[in-house]
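Listed below are the residues making up each chain.
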Amino acid sequence: MQDMLRYHTEVCDTATAGADERSDRDVEQRVLCGVRARRGLGHTERRYPLVVKTTDLAKVRATLWAAADELRANSKLTPVQYRDPVLGLVFLAYAENRFEAVRGEVEAKATARNPATIADYKARSVLFVPDESRLSHLVGLPEGDDIGKAVDDAIKAIEAANPELKDILPRGYKKLERSTLIELLRLFAPLPTQLEGDAFGFIYEDFLSNFAAQEGKGGGEYFTPYSIVRLIVEILEPFQGRVFDPACGSGGMFVQCAKFVERHHESATRKLSVFGAEKTEDTVALAKMNLALHGLSGDIRQANSYYENPHGAVSAFDYVMANPPFNVDKIKKEQLAGDKRFPFGLPNADNGNFLWIQQFYAALSPKGRAGFVMANSAGDAGHSERDIRKQLIESGSVDVMVAISSNFFYTVTLPVTLWFLDKAKMGTAREDLVLFLDARHIYNQIDRAHRDFHPEQIEFLANIVRLYRGENAEFSTGSEVLLKKSFPDGKYVDVAGLCKVATRAEIEAQGWSLNPGRYTGSAAVDESDEDFAVKLEELYERFTLLSNESDVLRAKVDAAVQGILDV
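Because the structure is a prediction, the values reported are computed rather than measured. Throughout this description, residue numbers start from 1 for each chain and increase along the sequence as written. pLDDT decides what is reported in this predicted model: residues at 70 or higher carry local features, side-chain atom pairs at 80 or more are listed and counted, and totals for whole chains, interfaces and linings draw on all residues regardless. In computing side-chain properties, one takes all heavy atoms of the structure into account and sets aside hydrogens as well as water.

## Thoughts on the pairing of strand 4 (residues 272–278)
Now for step 1: The rule is simple: take the accessible area with a 1.4 Å probe, protein chains only, and divide by the maximum for that residue type; under 20% is buried, over 50% is exposed, in between is partly exposed. A helix here means a DSSP run of H or I that spans at least four residues, while a strand means a run of E at least two residues long, and both kinds are numbered starting from the N terminus. Taken across its seven residues, strand 4 has six buried, putting it largely inside the fold.
Now for step 2: Note on pairing: DSSP must find at least two bridges between two strands before they are called paired. Here strand 3 (residues 241–245) runs beside strand 4; their pairing, made up of five bridges, is parallel. When the sheet's bridge partners are listed, Gly241 is paired in strand 4 with Leu272.
Now for step 3: Relative to strand 5 (residues 298–302), strand 4 is paired through five bridges, and the arrangement is parallel. Residue pairing for strand 5: Glu278 is matched across the bridge by Gln302.
Now for step 4: Since strand 4 and strand 5 lie parallel, the crossover through helix 14 (residues 281–293) that links them has a hand, and here it is right-handed. Viewed with both strands pointing away, a crossover whose connecting path from the first strand over the helix to the second turns clockwise is right-handed.

## Re the nonpolar core
Now for step 1: Note on terminology: a nonpolar core comprises buried Ala, Val, Leu, Ile, Met, Phe, Trp, Tyr and Cys residues joined through side-chain atoms within 4.5 Å. If you look at the biggest cluster of nonpolar residues, it comprises 62 residues, and the most contacted ones within it are Leu89, Leu135, Leu185, Phe188 and Phe207.
Now for step 2: Counting only elements with at least two residues in this core, the list comes to helix 2 (57–73), helix 3 (79–108), helix 5 (135–138), helix 6 (147–161), helix 7 (178–188), helix 9 (199–215) and helix 14.
Now for step 3: Examining the composition of this core, we find that 13 residues originate from one element, helix 3, more than from any other.
Now for step 4: Should any heavy atoms of two residues lie within 4.5 Å, those residues are considered in contact. Sequence-distant contacts of Leu135, defined by excluding residues within four places in its chain, comprise Leu89, Leu92, Ala93, Glu96, Leu185, Phe188 and Ala189.

## Some words on helix 12 (residues 252–263)
Now for step 1: Here, expected helix span is obtained from the residue count minus one, scaled by 1.5 Å. Along its 12 residues, helix 12 runs 16 Å from first to last C-alpha, staying within 8% of the 16 Å computed at 1.5 Å per residue.
Now for step 2: Taking burial as the measure, the 12 residues of helix 12 include nine buried ones, the bulk of the element.
Now for step 3: Within helix 12, the full set of buried residues consists of Met253, Phe254, Val255, Gln256, Cys257, Ala258, Lys259, Phe260 and Val261.
Now for step 4: Of the residues flanking the end of helix 12, it is His265, one or two places downstream, whose phi is positive at about 65 degrees.

## Notes on the packing of aromatic side chains
Now for step 1: Stacked, tilted and edge-to-face are the three classes applied to pairs of Phe, Tyr and Trp rings, where Trp contributes its six-membered ring and a pair requires centres within 6.5 Å; stacked means planes under 30 degrees apart, edge-to-face means over 60, and tilted covers the rest. Enumeration according to the criterion identifies 20 aromatic pairs in this entry.
Now for step 2: With 5.8 Å between their ring centres and 25 degrees between their planes, Phe372 and Trp419 make a pair best called stacked. One end of the pair, Phe372, is in strand 7 (residues 364–375); the other, Trp419, is in strand 9 (residues 416–422), and 47 residues separate them in sequence.
Now for step 3: Relative accessible area serves as the criterion here: at 0%, Trp419 is assigned to the buried category.
Now for step 4: Through a chain of ring-to-ring contacts, the aromatic side chains of Tyr306, Tyr307, Phe354, Trp356, Phe360, Phe372 and Trp419 assemble into a single cluster.
Now for step 5: By definition, being over a ring means that NZ of Lys or CZ of Arg is both within 6 Å of the ring centre and within 35 degrees of the ring normal. Above the plane of the ring of Tyr443 lies Arg451, whose end atom (NZ or CZ) is 3.8 Å from the centre.

## Focus: the confidence of the model for the protein
Now for step 1: Of the residues in the protein, 84% reach a pLDDT of 70 or more, and the chain-wide mean stands at 82.
Now for step 2: pLDDT under 50 marks residues 1–40. Its contacts with residues more than four places away, or in other chains, come to 102 contacts.
Now for step 3: Values of pLDDT, which run from 0 to 100, indicate the predictor's confidence residue by residue. Confidence drops under pLDDT 50 across residues 42–55; counting only partners more than four residues distant or on other chains, this segment forms 51 contacts.

## Describing the pairing of strand 7
Now for step 1: Among the 12 residues of strand 7, 10 are classified as buried, and the element is accordingly described as predominantly covered.
Now for step 2: With five bridges joining them, strand 6 (residues 317–322) and strand 7 adopt parallel strand pairing. Following the sheet pairing, Ala322 is matched in strand 7 by Phe372.
Now for step 3: Taken together, strand 6, helix 15 (residues 353–363) and strand 7 form a β-α-β motif whose crossover is right-handed.
Now for step 4: Both strand 7 and strand 9 contribute to a ladder of seven bridges, which runs antiparallel. In the sheet register, Val373 faces strand 9, and the bridge partner there is Leu418.

## Notes on the sheet that holds strand 6
Strand-to-strand pairing in sheets goes through backbone hydrogen bonds, with the strands running parallel or antiparallel.
Now for step 1: An order of 5-4-3-6-7-9-8-10-13 is seen for the nine strands of this open sheet, with the pairing classed as mixed. Each of the sheet's edge strands pairs with one partner strand only, and the pair in question is strand 5 and strand 13 (499–503). With direction set aside, neighbouring strand axes in the sheet form an average angle of 15 degrees.
Now for step 2: The axes are straight lines fitted to the C-alpha atoms, using for helices just the contacting stretch, and the angles between their N-to-C directions are given from 0 to 180°. The strands that helix 14 touches are strand 4 and strand 5; relative to strand 5, the one it contacts most, it runs at about 170 degrees.

## Digging into the pattern of salt bridges
Now for step 1: A pairing counts as a salt bridge when a side-chain nitrogen of Lys or Arg comes within 4 Å of a carboxyl oxygen of Asp or Glu. Tallied over the entire structure, the rule returns 32 salt bridges.
Now for step 2: Residues Glu234 and Arg230 are paired through a salt bridge, measuring 3.3 Å at the closest nitrogen-oxygen approach. Here Glu234 pairs with Arg230, and both are found in helix 11 (residues 226–236), just four residues apart, close to one helical turn.
Now for step 3: The buried category is assigned to Glu234, whose relative accessible area is 6%.
Now for step 4: For Glu237, the salt bridge is made with Arg369, and the minimal N-O distance between the two is 3.4 Å. Taken together, the residues Glu237 in the loop between helix 11 and strand 3 and Arg369 in strand 7 connect sequence positions 132 residues apart.
Now for step 5: Classification of Arg369 by relative accessible area gives buried; the value is 15%.
Now for step 6: Among the ionic contacts, a cluster of salt bridges with common partners joins Arg230, Glu234, Glu237, Arg263, Arg369, Asp399, Asp422, Arg430, Arg466, Arg469, Glu471 and Glu474.

## Some details on the packing of helix 3 against helix 7
Now for step 1: Look at helix 3 against helix 7: their axes get within 10 Å of each other, and the N-to-C directions meet at 35 degrees. Crossing handedness for the pair helix 3 and helix 7: right-handed. Listed contacts from helix 7 to Tyr82, Val86, Leu89, Val90 and Ala93 of helix 3 are Thr180, Leu181, Leu184, Leu185 and Phe188.
Now for step 2: Ten residue types, Ala, Val, Leu, Ile, Met, Phe, Trp, Tyr, Cys and Pro, are classed as nonpolar, four, Asp, Glu, Lys and Arg, as charged, and the remainder, Gly among them, as polar. In terms of residue class, the contact of helix 3 with helix 7 is built from nine nonpolar, one polar and no charged. By definition, turning the near helix anticlockwise from the far helix through less than a right angle yields a left-handed crossing, and turning it clockwise yields a right-handed one.

## Examining the packing of helix 6 against helix 7
Now for step 1: At a minimum axis distance of 9 Å, the contact between helix 6 and helix 7 shows a crossing angle of 50 degrees. Taken together, the axes of helix 6 and helix 7 are oblique relative to one another. Across from Ile147, Gly148 and Val151 in helix 6, the residues of helix 7 making contact are Arg178, Leu181, Ile182 and Leu185.
Now for step 2: Taken together, the residues that form the contact of helix 6 with helix 7 break down as five nonpolar, one polar and one charged. Put simply, angles under 35 degrees are roughly parallel, angles over 145 are roughly antiparallel, angles from 65 to 115 are roughly perpendicular, and the rest are oblique.

Below you can see the structure in the form of C-alpha cells.
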C-alpha cells in the first residue's frame, strides 16, 4: 500500500511540476490522480488529487519503472522471470484504457433487443475486455482470493474474446510471489484512467529497454537500442510499403518505422505492412504485444531464418531492417545449398554474417532498400567473404555505410557498422558510388559504459545522406547548426574525417573494403571485433595462470638455491 501511495504521490507531483513546462516536443498527457477509490487486496478508501495535466510523460514513465524495479529487487525473481508478467500487465492496462474510451459510446447505441457485442468494439479497432480481465476488477478482489489464478484467468478470458491474441500474452502468474503480484496490480491498475494516447507504447518500450539492460547478453537478443533503430529508419525512409525483419526480436524496428510515417503526417496502418521472423517463441510474443500496444498489426512468425523462409523472402519487400546476431558459427551450410536467398554463394568462413547480408539483399524488391547492423569485421573480411562483398558492390546496390562507435549496445562494447542497400540506385548516376560516413566521434555519453545519439545528431547524420541523395534536409530536432557547420552551402561535399563519396574504382583499390574509416581519412580508432569485457576477462585469467606458475617456479627456485646454500 505504501508503494501505491508513493506512486500516486510521485506521479501527481511530477504532473504538477511539469504543468508549466510546455514546449513543442512535450507530449501533453492527461493524468488523473486516483480519481477512483478502491477496496480489496488490502486497499482502504482513499481519494487522491483531482485531474491534472503533465507535459513531461518521461518522468511518469521513469517513476513507473522505478517502482516496478524496486518490487523486483525486493522479490526472489530474476529479471527474466519478472519481465513477461510485468509486460502482460502493461498490456492489460492498455487494453482496458482503449476499451473504456469507447465503452460509453458503444453502450449508448445498444438496446435491450440489440445489446452491445464484441463485434461493436472490433468495429472501432478496440479489443473487447471482459470484466474479469480488467485490472480495476483484479485489484478489487478480496484478500483471500487466489490472485495468481485470477490473473491467469484474466489472460485466458481476454484471449478468448479476442482470438488474435491467442498465445501472445504471458501466463504463469501463479508462480509469482503473491505479495509482489499484488503490489504490481496496485501499481498498474490506475493506469487505464490516468494515461492516454501513446503512453502505453512508451511505457512498454521503456520496460523492454530496461529489462534488456538488466538481462545483459540475453537482453541484447531481443532489443536494439532506440537511437540505432531511429538512425536506420531516418536513413532508410520507409514512407510506404512492405517492411521485413528476419531477426525481429521485440519488433522495435517496426515500431520506429510506424513512428517515422506518423512524423510525416501519414497513417502507419495504411502505409505499412510488417512481416517478421524470430527464433525464440517468448520473443515472438513480446513483438506481437509491442505491435498491438502501438496500434499495429503484422505477420510475425517463429522461425530460424538461416534455415526457414516463412515469408517467401525473395524480391518480396520494399524495406528490410535488422539487427542480426553477429559471428554465429556452426551453421549447417549444407542445408542452405541452392537457396535463392544466398545468390552470391555460401561463405567458407564459419560465421553467419554474409548469410544475413545476402538474405537482406535477396529479400528486396527491385526498388527496395535495406538497413541493418553488422559486425565491423564484415567490411574488411577476406577470402570468400571478400568475394561475396565484391559481388554485392558490383551489383550497384550498396548505398551508405555508417561507422558507429563502441558502447551503443547494452550487451557488448563493440563498435558496429550500419549497412544500407538501395536497389533503386541501380542504373542511376549513383550506381557506382557509395557514401561512407564515420560517426564514431558523434555520440551522447549516457554514463561511463553507455552511449546513444541525441535526436539532433540522428537528424544531422540522416541529413548528410539526404544531401548525398539530392533530397531536402529535414529540421525538426534542431540539427541546423550542425549541418551548416559542415555543409555551409546546403549541398553535399566530402568532409575530411566525417564523410566521403567513393567510386567503385576507389573501393576496388581498397581491396573491396566497406570500412568507412578507410575513405573518410578519420583518425585511427580501435575497431577490433573483440568485446572489451570478454577480452579483459581472458587476459586476467591468463595473468592469473602465469602468476600461479610464477609462484610455483619461485618456490622451486628458492628451494633449490636454499638447498645449495645449506650444503
